[in-house]
Amino acid sequence: MLGDDWLWMATTWSPPADVPGGFSTLTTVALLVAALVKAAYLWLILRAPVRGALDGRAKALRALLYLAVVYALVLWSVIVLLPDVVYPAFQLALWTAINVLYLLVIRWRSRVLRTAAGAMFAVGLAGMTNGLLEQLDLPALEWSVGVELSVTLGGVAATVLTVVGQRRDGRWSRGTQVAGWSSAGFHTLMVPLNFGFGSVYSGDLALPVLINVVGLVDIVWFAATARELPLEGSPVGPPPVRRVIRVAVAAVAVLPIIALIPPEQTPRLTYTGGSAGCYDRPRFGDLKPAEREAMFLCLARSTDNGFSPMFPDSRSDQEILAFGRELCRAKDRDEQKAILTRAGSERPDWGVDSWDLVYVCPEIVGATQPDLLRSTEEAAEAGAAYIAEQNAKCRDPWPKRKGVVQATAKYFLFVDGDHGYLVHDPEDKAADEEAERATDRVYDDGRTLIGVSGSAALVGHLDDISDLCLTVKAFRTAPPRRMAGWDQVTEVPIVSRSGRLTVPYMGEGGEVGAGIPMPNLAIAGKGRYRLRVYVRVDAAGEEHLIVVFPGASEERLKLKP
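A brief report on the enclosed structure follows. Quick caveat: nothing in here was measured; it's all calculated off a predicted structure. (Residues numbered from 1 in each chain as written. Predicted model: local features only at pLDDT ≥ 70, side-chain atom pairs only at ≥ 80, totals over all residues. Heavy atoms only, no water.)

1. A look at the overall build of the protein
Line of reasoning, step 1. On a plain count of helices and strands, the protein comes out with 17 helices and ten strands.
Line of reasoning, step 2. In the protein, buried positions account for 44% of the 561 residues.
Line of reasoning, step 3. Total accessible area on the protein stands at roughly 28,500 Å², and carbon and sulfur atoms take up 59% of it. (Helix = DSSP H or I, 4+ residues; strand = E, 2+ residues; numbered from the N terminus. Buried < 20%, exposed > 50% of the residue type's maximum accessible area, 1.4 Å probe, protein only. Areas by Shrake-Rupley, 256 points an atom, 1.4 Å probe, with all protein chains shown as cover.)

Shown next, in the form of structure tokens:
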């Protein structure tokens, strides 16, 4: 009567869902059924505690169980507003206390059963501890999917053992035990869905609604366990009518879920990649193991920049992952093309690059390209170490003549198509225009490979290289020409309009530039300077020496052509 928004809020206790075209008939029916089931659940949760004597441990357990109920119903909406680390810390503290009190309060009547329950509790707490360590950026275990599955199944086993303990204790009613068994059954049903062996989404909201409702059986069990702590003697089974009602409620809640699980051939979209942020392209080493396959699936379905996705939407997650592993084993692009064509890709000619495949088969890609396995921090450290190693290979070619300022480093160029490097005034208002004109003029004299325009000089290279050793020196007066041992020496005019002349620095994350920050060569401030360029090529590679000193001459000198 009031519309879809009110039905949704009344049933799910959450803000309205934005569904174009409104809810389907199946979703509406699911919401109406869910409303009735949740009303029954709420009545069971809010029943008053049974009166009776409680010792200190039992009182603490009752308080903590009710705190778990309040958290699941209300408190979570407050905690999500706090820093991310609060949630795992709260959960770990709460369930450590509850599990310890379970072991102390429940009369297990079997050391083996108590020990087994304690072991399963420890497995669950270990998973929570690992999550907290990750949030705190402290060393944590990188668990595989198999280990995470084992931890999840350990949680189910802990629930089963606790219910068995309640039955042996004798204080808890058959209805409470049924709620416990239902909780274990629900989490067992969710295991294949959560780990990609089934579907959690069939294109309609009915299934998520029903899953949300059935999941409340945990809260019913916690509340019933806390409520019946004082009971003594043999449990009294629920009246026949109430038993029939509970069976009917369970059937109404669970059977639609089973009916809505689609057949195997239906695409399963378990992984979305949304949490991994595939458009930001995080490095493999920055992702948790559970996020890496999601990362590949996100890339495989990406339509960034308007391009067709790698795989069509008709392919399920499992199919895409299987095709991805086939692509990892492909010997060449032609074999990749055949695989993508078989998968129905609209862009089979593109193939798939190693930096995409590393997320789905790191053991194969990492064998030949281990750098792709690094985290951002590891990549930065490796890059810095490489640059330092390359810089160390360069030596000052004129050690006896010290400049007012000087530096020696490796200058990194693009492998192909790089004209050379600039000696320029970076703070000149016309710096970009001057650099473009210097680039245009670099080939005016093909024998010197130096183009000059005002405050910029582009120095080319003789050899077909990707980097060279560069030394820069600034003097107050013209030093001796000293041309012996050099293949080419050229002197040209250059001006500094801002009082700076330098060579570009590669910087963090850069690919082109000097391996260290270069000094300001305009030691006399604004004005005209002479730029002398020494170049030679030998077995060790190409080496350049840049000498700068004040000078008003605008003559271009080929001292050693």
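2. Description of the sheet that holds strand E7 (residues 513–514)
Line of reasoning, step 1. Spatial ordering of the open sheet is given by E7-E1-E5-E9-E8-E6-E10, a layout of seven strands whose pairing is mixed. Every interior strand has two partners, whereas the edge strands, E7 and strand E10 (557–560), have only one.
Line of reasoning, step 2. Note: strand E8 (residues 527–538) against strand E9 (residues 541–550), ten bridges, orientation antiparallel. Among the inter-strand pairings, Arg-530 is bridged to a residue of E9, identified as Phe-549. (Pairing = 2+ DSSP bridges.)

3. Re the pairing of strand E1 (residues 405–412)
Line of reasoning, step 1. Two elements, E1 and strand E5 (residues 467–474), share eight bridges in a ladder whose sense is antiparallel. Bridge assignment links Ala-407 to a residue of E5, and that residue is Val-472.

4. What to know about the packing of helix H11 (residues 289–300) against helix H12 (residues 317–329)
Line of reasoning, step 1. Orientation of H11 relative to H12, taken along the N-to-C sense of each, is 95 degrees, at an axis distance of 10 Å. Between H11 and H12, the crossing angle belongs to the class labelled roughly perpendicular. When H11 is examined against H12, the residues Glu-293, Phe-296, Leu-297 and Ala-300 are found in contact with a partner set consisting of Asp-317, Ile-320, Leu-321, Gly-324 and Arg-325.
Line of reasoning, step 2. When grouped by side-chain class, the residues that make up the contact of H11 with H12 number five nonpolar, one polar and three charged. (Axes fitted to C-alpha atoms, helices over the stretch in contact; angles between N-to-C directions. Parallel < 35°, antiparallel > 145°, perpendicular 65-115°, else oblique. Contact = heavy atoms within 4.5 Å. Nonpolar A, V, L, I, M, F, W, Y, C, P; charged D, E, K, R; others polar.)

5. Focus: the packing of aromatic side chains
Line of reasoning, step 1. Inspection of the entire model under this criterion finds 13 aromatic pairs.
Line of reasoning, step 2. When the centroid spacing of 5.4 Å and the interplanar angle of 55 degrees are considered together, the rings of Trp-486 and Tyr-534 count as tilted. Of this pair, Trp-486 sits in the loop between E5 and strand E6 (488–496) while Tyr-534 sits in strand E8, and the two are 48 residues apart along the sequence.
Line of reasoning, step 3. For Trp-486, a relative accessible area of 1% puts it in the buried group.
Line of reasoning, step 4. A residue is classified by how much of its surface remains accessible, and Tyr-534, at 1% relative accessible area, is buried.
Line of reasoning, step 5. Taken together, the aromatic side chains of Trp-398, Phe-475, Trp-486 and Tyr-534 make up a single cluster linked through ring pairs.
Line of reasoning, step 6. Just above the ring of Trp-486 sits the side chain of Arg-536; from NZ or CZ to the centre is 4.0 Å. (Phe/Tyr/Trp six-rings, centres within 6.5 Å; stacked < 30°, edge-to-face > 60°. Lys NZ or Arg CZ within 6 Å of the ring centre and 35° of its normal.)

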